[in-house]
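Residue-level structural notes
So you can see what is in the structure, the chains are spelled out below.
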Amino acid sequence: MDAKITEAVVEALNSGWITTGPRTKLFEKKLTEFNGNKATLCVNSASGGLELMLKWFGIGAGDEVILPAYTYAATANVIIHTGATPVFVDSNSDFNISARHIEAAITKNTKAIMPVDLGGWPCDYDSINQIVNKEEIKRLFQPTNEQQQKLGRILVLSDAAHSLGAIYKGRPTGSLTDITVFSFHAVKNLTTAEGGAIALNLPEPFDNEEVYKYLNIKSLHGQSKDALAKTQIGNWRYDILEAGYKYNMTDIQAAMGLVELERYKDDMLVRRKQIFDRYSMIFGEDKRFLIPEYQNQESTSSYHVYLLRINEINEKQRDEIIRLIFEQQVTVNVHFIPLPMMTFYKSIGYKIENYPICYKNYSCEISLPVYYTLSNEQVDQVANAVIHAVDTILK
Ligand SMILES: Cc1ncc(COP(=O)(O)O)c(C=O)c1O
């Protein structure tokens, strides 16, 4: 947050229009240009956006949705809200969902796959898109409504909460699957305090502009006209076309987003990469550490979370290392505790024993701070705190 953002927010506040309006529409347009997809709808969170799209695809009781066991609760909770069953699968050693496990988990009830770009690292989208397009898998798919019939296969709805600006095989994350949902929550790379965006990239015969128009209505209580349209002369009368939701973004949020998007690629992502590089320079030399993948010939991360692993330690040692890091006035985190370890998901029958790679990744992982204003000296301070803690525990 800086003076430019404050100015933009104050301008929006004084503009006479504070809810969804011209700034949100402009932010949507700029996001579409940035991601190279077909149309974008801004919403009030990624959670709302994911849930809206599951509902749009008609997912409900009796359906199954495949997702990684290694993600934040939002990815799975929205499936629960629809009445469908979340089908967790194990991950690869790069933290992302395993395509092999996805394929093995598909049944005649599978309606969607929700890959998650953990820490900003894009999933193996070629493999995922190939799986849903395989003839034998398409034959298994049982459409029960118009959208499902039109697509004729399992929907790929990616949870790109972490990965705005990440690249896979030369294309940005927003243009890699049918639908991509971004988060602009306070801790995300680009923030509007709370917020999100749905990037539409549906194949033919879908008209993405039409879907966008419909989602506008669905995300605003099914109201045939939004508040701005109703202010036009002779345009006050409206109808409720369906029992829709309330997921719209405000122009105050969009004002922040517009400033951040302008400087995102050439400034914010550049600084995040420098921080990743600096951590990697320090930890990459030391055999006790496993540094995260964030750049190779195919993919470039959005550098959202630095997922450091410490080789050959157990969960208890990791927790002890974290305690010692905190004692040195450095705050770290773990992304994520796998969902089958959470009370709710355990209570409905999921067991972490079925996700051995997730557990392995989780039990030795520590997320290091990455943010724009983190200085090189602070990066070194974090690294020293980690090394001191590891020296103490592994002595
Ligand atoms: C992987 C993942 N998916 C979804 C979300 C939900 O984002 P939001 O807070 O915008 O609803 C988050 C938030 O942290 C997340 O980490």
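Residues numbered from 1 in each chain as written. Predicted model: local features only at pLDDT ≥ 70, side-chain atom pairs only at ≥ 80, totals over all residues.

What follows covers helix α3 (residues 46-56). Of all 11 residues that make up α3, 9 are buried, and the element is covered over most of its length. Among the residues of α3, those classed as buried are A46, S47, G48, G49, L50, E51, L52, M53 and L54. G58 sits one or two residues past α3 and shows a positive phi near 75°. (Buried ≥ 20, exposed ≤ 12 C-beta atoms within 10 Å, placed from the backbone. Helix = DSSP H or I, 4+ residues; strand = E, 2+ residues; numbered from the N terminus.)

Membership of the largest hydrophobic core comes to 111 residues, with the highest contact counts inside it found for M53, V65, A112, I113, F182 and I198. A total of 13 residues in this core trace back to one element, the largest contributor, which is helix α11 (residues 251-283). Leave out the neighbours within four places in its chain, and A112 touches L54, F57, I59, V65, I154, L155 and L157. (Core = buried A, V, L, I, M, F, W, Y, C linked by C-beta atoms within 7 Å. Contact = placed C-beta atoms within 7 Å.)

Around the ligand, the structure places 14 residues, and the nearest of them are S45, A46, S47, A161 and S183. Counting residues per element, the ones that place at least two in the shell around the ligand are α3 and α4 (73-82). Of the residues assigned to the shell around the ligand, the class counts are 5 nonpolar, 8 polar and 1 charged. (Near = placed C-beta within 6 Å. Nonpolar A, V, L, I, M, F, W, Y, C, P; charged D, E, K, R; others polar.)

The interhelical angle for the contact between helix α1 (residues 3-14) and α11, taken along N-to-C directions, is 150°, at an axis separation of 8 Å. At the point where α1 passes α11, the crossing takes the right-handed sense. Every residue of α11 that contacts α1 at K4, I5, A8, V9, E11, A12 and L13 is listed here: D251, I252, A255, M256, L258 and V259. Here the residues of the contact of α1 with α11 sort into 10 nonpolar, no polar and 3 charged. (Axes fitted to C-alpha atoms, helices over the stretch in contact; angles between N-to-C directions. Left-handed = near helix turned anticlockwise from the far one by under 90°.)

The next point concerns the domain arrangement of the chain. Here the chain is described as being made up of domain 1 (3-255) and domain 2 (264-393). Just the C-alpha atoms count here: the centres of domain 1 and domain 2 sit 27 Å apart. Between domain 1 and domain 2, the residue contacts involve 27 residues of the former and 30 residues of the latter. Those elements that provide at least two residues to the side of domain 1 that touches domain 2 are α4 and β6 (167-168). (Domains from an automatic or database assignment.)

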